[in-house]
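For reference, the chains in residue letters:
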Amino acid sequence: MSEKQFLDLEAFQWLGLLIIILTGILLADALAGHYRSGFENRSQYTPFLSGGFLVIATVLTFILPSVVWTSTILEVAGWTAVVTGLIGFGFHHFYGVAKKPGGYNWLLHYLMYGAPPLAPIALSVIGVLGLITARGLQMEPQIFGFQLRTSLLVLTAVSLFGAILQAGILHYRGAFNNPLMYLPLTVPLAAVLAATLVVMVPGPIPLVVPAVLLWLTMLIGFVGWGMHLRGFDRQMGGLYIAVFNWLEGPPAFAPLNFSGYAAVGLVVVYLL
């Protein structure tokens, strides 16, 4: 095996680890939201089934990266996650906006106070990451006709942009009462632009620029996580009524999505 192949395999093993972490983050916040609503619709259990399947498939490929059947299972799990996320997006849109009193006339209100509109798409993003990882472990150079490196950079830009939009909606609901709430709208947006530019003009753009921006984005994710946990503790009763405040406070793990998506970009920069 050549050095390049070794680095590629190592990169996709790291991506497998990130799939497990990102899925755990997503399901932790989904559990809070769906438990808060009492799982009134049986379909609310679906992301935990498809997300669990994706984690199991990724663990198998992480342990046996060169075995073909594990990559095949990961592809199936990836497609399952993609479809589940898209269906969840439709459910959040229909039940969270269209079916509510006032419907689209109260769009901004329901975007802020209803089911988070873009949250299910995160599962689809992780599913696509699983598909790319499965291809990489099979040493296939392309997916959907695009180079894997290009696909990962596009995925990084799209996922970070979605996280920025969702954070912007929820921080607007909170009236940006802390200056740190503006952070997701600063460096992560610059990282999106840098990743997009690298895709569009792959040669002359030095990778040090997106690398620095992605490292800062990862740091911002951890800072946001700390702030959300602090906000959770500052709710009435604090940790004495931990379950209630976990359900009603800011989404505990959501900022870590910035760190996870930035880490995907850093794998591309350093190992591919």
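Residues numbered from 1 in each chain as written. Predicted model: local features only at pLDDT ≥ 70, side-chain atom pairs only at ≥ 80, totals over all residues. Heavy atoms only, no water.

Draft legend 1. A look at helix α10 (residues 256-271). With 16 residues, α10 extends 22 Å between its outermost C-alpha atoms, agreeing within 8% with the 22 Å of an ideal straight helix rising 1.5 Å per residue. α10 sits mainly inside the fold: 15 of its 16 residues count as buried. (Helix = DSSP H or I, 4+ residues; strand = E, 2+ residues; numbered from the N terminus. Expected span 1.5 Å × (residues − 1). Buried < 20%, exposed > 50% of the residue type's maximum accessible area, 1.4 Å probe, protein only.)

Draft legend 2. Region of interest: a nonpolar patch on the surface. A cluster of nonpolar residues, W14, L17, I21, V59, F62, I63, L64 and W69, forms a patch on the protein surface that exposes about 730 Å² of accessible area. Of all the secondary structure elements, the ones that give two or more residues to the nonpolar patch are α1 (3-36) and α2 (46-63). Summarising the element assignment, L17 is placed in helix α1. Here L17 falls in the partly exposed class, since its relative accessible area comes to 31%. (Patch = residues over 30% accessible without salt bridge, like charges linked within 9 Å, V, L, I, M, F, W, Y side chains within 5 Å. Areas by Shrake-Rupley, 256 points an atom, 1.4 Å probe, with all protein chains shown as cover. Salt bridge = Lys/Arg side-chain N within 4 Å of Asp/Glu carboxyl O.)

Draft legend 3. Quick peek at the side chain of N245. Position of N245 relative to the elements: it lies in helix α9 (residues 242-248). Residue N245 is classed as buried on the basis of its relative accessible area, which comes to 1%.

Draft legend 4. Focus on unusual backbone geometry. Non-glycine residue M139 carries a positive phi angle of around 60 degrees. Of note, M139 is situated in the loop between α5 (119-137) and β1 (142-143). Despite not being glycine, F144 shows a phi value in the positive range, around 55 degrees. Position of F144 among the secondary structure elements: in the loop between β1 and β2 (146-147). Residue F144 is classed as exposed on the basis of its relative accessible area, which comes to 53%.

Draft legend 5. Up close: the packing of aromatic side chains. Enumeration over the complete set of coordinates arrives at eight aromatic pairs. Taken together, a centroid distance of 6.0 Å and an interplanar angle of 70 degrees make the contact between W79 and F144 edge-to-face. Of this pair, W79 sits in helix α3 (residues 68-98) while F144 sits in the loop between β1 and β2, and the two are 65 residues apart along the sequence. A relative accessible area of 45% places W79 in the partly exposed class. (Phe/Tyr/Trp six-rings, centres within 6.5 Å; stacked < 30°, edge-to-face > 60°.)

Draft legend 6. Structural view of the pattern of salt bridges. For the structure on display, the rule yields one salt bridge. The closest approach of N and O atoms between R135 and E75, which form a salt bridge, is 3.4 Å. With R135 in helix α5 and E75 in helix α3, this pair connects stretches of sequence that are 60 residues apart. What makes E75 partly exposed here is its relative accessible area of 21%.

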